[in-house]
Amino acid sequence: LGEGHGRVVDARTKKPISNALVSVQRLVRGKQLLTTRKLTNERGEYHFGEWAGNGRKERVNYEIRIDSNSFKSRTMRVRLRAGESINFADARLQR
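Undergrad: Please explain the overall build of the chain as it appears in this structure.
TA: Within the chain, the secondary structure is distributed over zero helices and eight strands. Overall, the chain shows an N-to-C arrangement of helices and strands of β-β-β-β-β-β-β-β. Across the 95 residues that make up the chain, the buried fraction comes to 35%. Across the chain, the fraction of contacts at a sequence separation of at least 24, relative to all contacts at a separation of at least 6, is 58%.

Undergrad: Looking at this structure, how should I read unusual backbone geometry?
TA: For residues other than glycine, phi is negative in most cases, and the peptide bonds are mostly trans. In this model, Lys-14 sits at a positive phi of 70°, which is unusual for a non-glycine residue. Among the structural elements, Lys-14 can be located in the loop between strand E1 (2-10) and strand E2 (21-28). Even without a glycine there, the phi angle at Ser-70 is positive, about 70°. In this structure Ser-70 comes out as exposed when scored by relative accessible area, which is 57%.

Undergrad: Help me out: how do you make sense of the environment of Thr-35 in this one?
TA: Take Thr-35: it is sitting in strand E3 (residues 31-39). Residue classification places Thr-35 among the partly exposed positions, given a relative accessible area of 39%. With 27 residues separating them along the chain, Thr-35 and Tyr-62 place their C-alpha atoms 9.0 Å apart. With residues up to four places along the chain from it excluded, the contact list for Thr-35 reads Val-24, Gln-25, Arg-26 and Tyr-62.

Conventions adopted
Residues numbered from 1 in each chain as written. Predicted model: local features only at pLDDT ≥ 70, side-chain atom pairs only at ≥ 80, totals over all residues. Heavy atoms only, no water. Helix = DSSP H or I, 4+ residues; strand = E, 2+ residues; numbered from the N terminus. Buried < 20%, exposed > 50% of the residue type's maximum accessible area, 1.4 Å probe, protein only. Contact = heavy atoms within 4.5 Å.

Here's what the structure looks like:
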C-alpha cells in the first residue's frame, strides 16, 4: 500500500504549524471520496499510509487539503501507486 509524508509551515516565517487539519480525498471519476483526516504534530508533520490499496498497478488520484486557523487553506493534487512512498515538499500556508 502507498504512503505519503509531508510538513506544513508558515509561508513567511517557515515555522512548523501544529494541529493543522490535513484531509485526503480519493478522486474517482471527478468525485471526491473522503479517505482520512489527521492533525499535524508539533513539528508540523503528517503521515498517511494505506493509500492506493488492492495491489493496483495504475496510479490513483488524491486531493490533499490543509486547513489551519489564521491561515488560508491549501489544496494539492497527487497521484500515487500502491507500494509507493512520497515525501511532499513543505506546504507553505499564508495568512
